[in-house]
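# Reading the structure
Listed here are the chains, written in short residue letters.
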Amino acid sequence: MGCNVNFNDIIGQNEVVNSLKAILKEHSTRHAYIFSGPEGIGKRLVAKAFAAALLCSERDSFEACGNCQSCRLFQSGTNPDFYVLEAEGTSISVDDIRRMQQDISIRPMYSAKKVYLIAEADKMTVQAQNCLLKTLEEPPEYAVIILTAVNVNSLLETIRSRCILYNFKKNTDEEVRNCIQKVKGHELTGIDFIISYADGVPGKAIKLIESEDFLSNRDKAIEIILKLKNSNLIEVFDAYGFFEENKDNIDSILDIMLMFYRDLLIAKETGKENILINSDKKDIILKNVDKFEINKLIKNINAIEEARKNIKQNANYQLVIEVMLMKLQEE
């Protein structure tokens, strides 16, 4: 769990970062914070930069010095004054919180503070949340607790009311691009599409780049879309195999299809090439755009959205996909 991050390494989230810097400068730390936002938005990265600064014994202003014993231990992931609690499986249990509370009762070893990061705190059971509440009501003066959550509303109101809430906003496309280049160090095939698909979430973009299947699945999904245009019912049912193989990634596959149909619609309606999401597939889009009518493209987009809704409502998966494919194939 080593971390070398400081606030200057963080791209975007200026509002949150500037507020935390002010807290550090003014020595006005509160005992509990909630960092809320989509998975991959950078909540944990900011939490670690904040924790490193709080624990640094030689801190000047708002950045950890990186050289004191506390910083060196933090960077190696062995600082006993920094405690990370993560879900084992699908939830954080009351026993997990009790173990954390036992640690909180011990004073810090190297710093004036001890920092506790509860990652994905929205996975706490109700019993775990009620148990944590006791600590939030009467925290030791040296303890700072940071909870990260995708769905902050799944936390009890009594928990939320005792924490300072920071909402992490989606990054701009340029910020996502900078994050990718910082992690990966070079331009990659399909990067414009990945930035658009990531929808302002750098972690999602990095995950897509590191996925061996994502770009090949995208190519296959586009191939199916174009084949369906002039296909018969047998070919429709043959196409189902791809969706069966990707049952666990169906949201991703449907997103890919939606974006391609929307690009065809944009090209059809505006003729503008510079606003296509699938910019690296521009030639394919322009080659096929005249084969589709605007009304048909809109119907296809609606068919995919309807399929997504039905899958979320636990309808029969095969039936939903086959009905969607038949609607996409219909003239």
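The structure this text deals with has already been given above.
Think of each chain on its own: its residues are numbered from 1, step by step along the sequence as written. The predicted nature of this model means local features are confined to residues of pLDDT at least 70 and side-chain atom pairs, given and counted, to a pLDDT of 80 or more, with totals for whole chains, interfaces and linings taken over all residues. Here the side-chain values reflect all heavy atoms present in the structure, with hydrogen atoms and water set aside.

Once that is clear, we can look at the pairing of strand S3 (residues 114–118). Relative accessibility under 20% of the residue-type maximum defines a buried residue, over 50% an exposed one, and the middle range a partly exposed one, all with a 1.4 Å probe and only protein chains included. The helix count covers DSSP runs of H or I at least four residues long, the strand count covers runs of E at least two residues long, and both are numbered beginning at the N terminus. Where burial is concerned, most of S3 is hidden: five out of the five residues are buried. Alternating positions in S3 separate into two faces, Lys114, Tyr116 and Ile118 on one and Val115 and Leu117 on the other, with burial throughout. Here the rule is simple: two strands pair whenever DSSP picks up at least two bridges between them. In terms of strand pairing, strand S2 (residues 82–85) meets S3 through four bridges, oriented parallel. Bridge pairing links Phe82 to Val115 in S3.

Time to look at the pattern of salt bridges. Just to be clear on terms, a salt bridge is a Lys or Arg side-chain nitrogen sitting within 4 Å of an Asp or Glu carboxyl oxygen. Applying the stated criterion to the full structure yields 20 salt bridges. For Glu223, the salt bridge is made with Lys227, and the minimal N-O distance between the two is 3.4 Å. Here Lys227 and Glu223 lie together in helix H10 (residues 214–228), a separation of four residues that amounts to about one turn. With a shortest N-O distance of 3.3 Å, Arg262 and Glu305 are connected by a salt bridge. Separated by 43 residues along the polypeptide, Arg262 in helix H12 (residues 250–270) and Glu305 in helix H14 (residues 294–312) bring together distant segments of the chain. Its relative accessible area of 36% is what places Arg262 among the partly exposed residues. You can call Glu305 partly exposed: its relative accessible area is 32%. Sharing partners across several salt bridges, the network here consists of Asp251, Asp255, Arg262, Glu305 and Arg308.

A few words now on the nonpolar core. Here, nonpolar core means buried Ala, Val, Leu, Ile, Met, Phe, Trp, Tyr and Cys residues that are tied together by side-chain atoms lying within 4.5 Å of each other. Counting 51 residues, the largest nonpolar core has Phe243, Met257, Tyr261, Ile321, Met324, Leu325 and Leu328 as the members making the most contacts within it. At the level of elements, helix H7 (173–184), helix H8 (191–198), helix H9 (202–210), H10, helix H11 (233–245), H12, H14 and helix H15 (317–329) are the ones that each hand at least two residues to this core. The greatest single-element share of this core, amounting to 12 residues, is contributed by H12. Here, residues are in contact when the closest pair of their heavy atoms is within 4.5 Å. Excluding its chain neighbours within four sequence positions, the residues that come into contact with Met324 are Phe243, Leu254, Met257, Ala303, Ile304 and Ala307. In this structure, Leu20, Val46, Ala49 and Phe74 belong to the second largest nonpolar core, which totals 30 residues.

Another point: the packing of aromatic side chains. When two rings of Phe, Tyr or Trp (its six-membered ring) have centres within 6.5 Å they constitute a pair, described as stacked for plane angles under 30 degrees, edge-to-face for angles over 60, and tilted for the intermediate range. Scanning the entire structure with this criterion turns up 12 aromatic pairs. Ring centres of Phe193 and Tyr197 lie 5.8 Å apart, and the angle between their planes is 35°; on these two criteria the pair is classed as tilted. Residue Phe193 and its partner Tyr197 are both found in helix H8; the two are separated by four residues, about one turn of the helix. Note on accessibility: Phe193 and Tyr197 belong to one class, buried. Sitting over the ring of Tyr197, Lys204 keeps its end group 4.7 Å from the ring centre. Note on criteria: charge over ring means Lys NZ or Arg CZ within 6 Å of the ring centre, with the direction from the centre no more than 35 degrees off the ring normal. The lysine or arginine in question, Arg218, covers the ring of Phe193, its NZ or CZ lying 3.9 Å from the ring centre.

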